[in-house]
Amino acid sequence: MILLGVNIDHVATLRQARRAKEPDPVAAAVLAELGGADGITVHLREDRRHIQDRDVYLLRETVATRLNLELAAYDEIVAIALKVKPDEATLVPEKRQELTTEGGLDVIGTEAQTRPAVEKLKAAGIHVSLFIDPDPAQVDQAMDLGADAVEFQTASYSEAVGADAVAAELAKLRTAAAHAVGLGLHVHLGHGLNYTNVKPVVRIPGVEELNIGHAIVSRAVFVGLERAVREMKQAMQEHYPDRRK
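Computed from a predicted structure; not experimentally measured.

### Let's talk about helix α5 (residues 111-123)
Thought 1: Helix length check: α5 (13 residues) gives 18 Å between terminal C-alpha atoms against 18 Å at 1.5 Å per residue, within 8%.
Thought 2: Where α5 is concerned, the buried positions are T114, A117, V118 and L121. The buried residues of α5 occupy an angular sector of 100 degrees when projected down its axis, which confines them to one face. Of the residues in α5, the exposed ones pointing more than 90 degrees away from the buried face are A112 and A123.
Thought 3: Where α5 is buried, its residues touch α4 (75-84), β4 (88-91), β5 (127-132) and α6 (136-145).
Thought 4: With its phi angle positive at about 80 degrees, G125 sits one or two positions after the end of α5.

### What to know about the UniProt feature "active site" (unreviewed entry) in the protein
Thought 1: If you check UniProt for "active site" (unreviewed entry), the listed places come out as H43, E70 and H191 in our numbering. The annotated residues occupy 149 residues of the chain but converge on a single region, no pair of C-alpha atoms lying more than 12.7 Å apart.
Thought 2: Here E70 lies in strand β3 (residues 67-71).
Thought 3: Taking the relative accessible area as the measure of exposure, E70 reaches 9% and is therefore buried.
Thought 4: When sequence neighbours within four positions are dropped, the list of residues in contact with E70 reads N7, T41, V42, H43, L44, T90, V92 and E151.
Thought 5: Residue placement: H191 occurs in the loop between β7 (186-190) and α9 (198-201).

### A closer look at the packing of α6 against helix α8 (residues 163-183)
Thought 1: At a closest axis distance of 9 Å, the pairing of α6 and α8 adopts a crossing angle of 25 degrees. On the basis of the axis angle, α6 is roughly parallel to α8. Viewed along their axes, α6 and α8 form a crossing whose handedness is right-handed. On α8, the residues that touch P136, V139, D140 and M143 of α6 are A176, H179, A180 and L183.

Rules and cut-offs
- In every chain, residue numbers begin from 1 and rise along the written sequence.
- Selection of residues for local features in this predicted model requires a pLDDT of at least 70, selection of side-chain atom pairs for listing and counting requires 80 or more, and totals for whole chains, interfaces and linings are taken over all residues.
- Derived side-chain values reflect all non-hydrogen atoms in the structure, with water molecules and hydrogen atoms excluded from consideration.
- Only DSSP runs of H or I reaching four residues or more are called helices, and only runs of E reaching two or more are called strands; each is numbered from the N terminus.
- Multiply 1.5 Å by the residue count of a helix minus one, and that product is the helix's expected span.
- Relative accessibility decides the category of a residue: with a 1.4 Å probe and only protein chains considered, values under 20% of the type maximum give buried, values over 50% give exposed, and everything between is partly exposed.
- When we speak of the arc, we mean the arc of directions from the helix axis to the C-beta atoms.
- In what follows, a contact means two residues having at least one pair of non-hydrogen atoms within 4.5 Å.
- UniProt positions are given in the numbering used here, feature names are shortened, and annotations may be inferred rather than shown by experiment.
- To get an axis, fit a line to the C-alpha atoms, keeping to the stretch in contact for a helix; angles then go from 0 to 180 degrees between the N-to-C directions.
- Angles are sorted into four bins: roughly parallel if under 35 degrees, roughly antiparallel if over 145, roughly perpendicular if 65 to 115, and oblique for all others.
- Put simply, a crossing is left-handed when the front helix is turned counterclockwise from the back one by less than a right angle, and right-handed when it is turned clockwise.

Structure (structure tokens):
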């Protein structure tokens, strides 16, 4: 069964809107795990717009499943990751002017920054994933950099309009996933996935994990976080193919 990593950044976004103490993303992580999350994902951005340093350190102490820390290859943030020692570190692109992460990390064009970060994280015993576009050339470079996993950005798929466009994006994800698996990389997917568009992607062979945040936190406003996570797990399970057939 594909694992579900729940991104709780937007819980922190709500807290930071008032520079208040609540809602606490650490409490959210506990509820997400009670709802069936297989891991917790947070992005410690350079501008600290949502998740704060305090959150990351407390999450390391309290997360009972797996902690995935998303970060850009900035020396300051990498240094924090080396202290926290998350179960996984996912290197992502980052721009101050963006609302959320836009597209995958160009690991070919950013090799000079990305390679040292990967090496430092791996030397500390941290599993390293690279958030990239579903492009075989990017996959090859991820392998060359020494990554353990790749997370393919699904924004292009999630934002596609029309059956043909959706099918084309799914085909890209299938091809890239097969290529990554062939190289021995673990395959994750994330960005823009929701309770509806998650159904086709769970059928892609080789995918081990989905990282989903906005849709779950949005649903949680109405039904609570535990239930929102359970409903996402149910949506994934209902459409996961029985590979024993």
